[in-house]
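# Structural overview for review
Here's the letter readout for the chains.
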Amino acid sequence: MYYGFDIGGSKIAFAVFDDEFNERERSLHPTPARDYPAFLTLLLTLVRQADARWGGAGTVGLGFPGVLDVRGRILAPNVPAIDGRDLLGDLRPQLDRPLCADNDANCFLLSEYHRGAVAGAGLALGLTLGTGVGGGLIHDGRLINSRRGGCGEFGHGGINASLLRRYPELPLYECGCGLPGCLETYVSGTGLSRLYRHCGGQERDGKGVIAAWQQGEAQAGHCMSLYLDILAAGVGAMMTQLDPDAVVLGGGLSEYPWLYRELGTRLPEYLMAGVSAAPVIAPVFGGAGGVRGAALLARHASLPFS
Ligand SMILES: [Zn+2]
């Protein structure tokens with residue numbers, strides 16, 4: 001059996017997969033906000049209860065929004081209970097089994113590589129568009145990372161100069177990472193809502209802006225055109241620099257079929273001359289990707305992986 005945890009700032013998803021990787025159960029739990037002992041107890045309890053139900057000791061994978069530093073400590077500012085903690089080191093003595101952890105965007109991409117949208121791609125790029133923007137790369141079945149664990153922070157590159165030439169009135173937003181003009185400040189769900197206010201709209205969340213656009217509202221139309229150009233320019237820069245064979249999108253915005261048509265139309269304008277756009281593909285596992293990818297980490301750690 002394989003157990004996956006997808007750890008978020010407010011909720012933790014837990015799922016159990018059998019040896020053929022069919023999902024057998026799933027549950028959602030509130031994240032203990034700042035209480036690390038309560039966080040450890042919750043994870044250990046869920047694992048032990050699953051062991052009892054399924055009659056074995058499943059391997060455990062954890063996906064979280066952050067990185068593992070060189071000392072094995074978790075850096076996850078949006079999950080204060082585990083930020084700066086040696087979570088794996090504290091769980092290992094209590095769980096006699098393989099235990100792995102990785103960034104949640106990497107988990108999403110791993111899931112889409114395993115019988116998903118980018119199965120078999122030589123170099124696959126994953127980009128998650130949610131509250132923030134996450135990214136990951138897989139080459140020949142293996143997640144790419146450095147010893148510092150920070151590979152894939154594609155949301156924290158500055159927006160493309162050709163956009164600023166085309167939209168000189170575009171503001172440079174300050175990003176939570178400390179840099180100005182990061183892609184994430186425009187193309188995350190929060191970014192879409194911020195762009196809508198810039199276009200004269202009222203306070204709406206990302207889904208609300210999309211709904212207003214689909215009802216024909218003018219400000220939302222202008223905002224969505226701007227949004228899609230910024231996203232195309234960002235993905236275009238990644239394609240020029242990394243030359244992926246396929247790109248899979250995740251997060252709440254990835255569920256809209258028109259997103260892929262719009263990107264296909266807009267991308268060529270933002271690519272280096274001579275570069276052709278790689279296919280941008282919708283995820284197969286959608287919202288389930290993170291927890292499924294986390295459960296796959298143990299299998300990924302013992303290659304060959306497919
Ligand atoms: Zn940033």
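Okay, so let's go over this structure. Along each chain, residue indices are assigned from 1 in the same order as the chain's sequence is written. Given that this is a predicted model, residues contribute local features only at a pLDDT of at least 70 and side-chain atom pairs are listed and counted only at 80 or more, while totals for whole chains, interfaces and linings are drawn from all residues. Just so you know, side-chain values use all the structure's heavy atoms and leave hydrogens and water out.

## Quick word on the overall build of the chain
Runs of H or I in DSSP of at least four residues are treated as helices and runs of E of at least two as strands, each being numbered from the N terminus. Within the chain one finds ten helices and twelve strands. Viewed in the frame of its principal axes, the chain has a C-alpha envelope of about 60 × 40 × 35 Å. Counting the 306 residues in the chain, one finds 53% classified as buried. Sequence-distant contacts in the chain: of pairs separated by 6 or more residues, those separated by 24 or more amount to 64%. Accessible area is worked out with a 1.4 Å probe on protein chains only. A residue is then buried under 20% of its type maximum, exposed over 50%, and partly exposed in between. Note on contacts: a residue pair qualifies if any of its non-hydrogen atoms lie within 4.5 Å across the two residues.

## Description of the coordination of the zinc ion
Protein-derived coordination of the zinc ion comes from H156 (ND1), C175 (SG), C177 (SG) and C182 (SG), at a distance range of 2.0 to 2.4 Å. Atoms of type N, O and S within 2.8 Å of a metal are treated as its donors, and for Na, K and Ca the window is 3.2 Å; water is not considered, so some sites may appear to be missing partners. Just to be clear on the cut-offs, tetrahedral is four donors with all angles between 85 and 135 degrees, square planar is four donors and octahedral six with opposite donors over 155 degrees apart and all others between 65 and 115, and anything else goes down as irregular. Given four donor atoms and angles of 103 to 120° at the metal, the environment of the zinc ion is assigned as tetrahedral. Counting residues between consecutive donors of the zinc ion along the chain gives the motif H-x18-C-x1-C-x4-C. Take C177: its relative accessible area is 38%, and that puts it in the partly exposed class. For C182, a relative accessible area of 1% translates into the label buried.

## A look at the side chain of D18
Locating D18 in the fold gives a position in the loop between β2 (11-17) and β3 (23-30). In this structure D18 comes out as buried when scored by relative accessible area, which is 8%. By the criterion applied in these results, polar contacts are pairs of N or O atoms within 3.5 Å in which, for protein atoms, one can donate a hydrogen and the other can accept it, and in which residues neighboring in sequence qualify only through two side-chain atoms. Looking at D18, its side chain comes within polar contact range of the main-chain nitrogen of N22, at 2.9 Å. A polar contact of 3.3 Å, which involves the side chain of D18, links it to the side chain of R24. Contact partners of D18, with chain neighbours within four places excluded, come to M1, Y2 and R24.

## Brief notes about the pairing of β2
With six of seven residues buried, β2 is to be regarded as a mostly interior element. Pairing between strands is defined by DSSP: at least two bridges between the two strands are required. Bridging between strand β1 (residues 2-7) and β2 involves six bridges; their strand directions are antiparallel. In the strand pairing of β2, I7 is matched with I12. Count of turn residues in the β1/β2 antiparallel hairpin: three residues.

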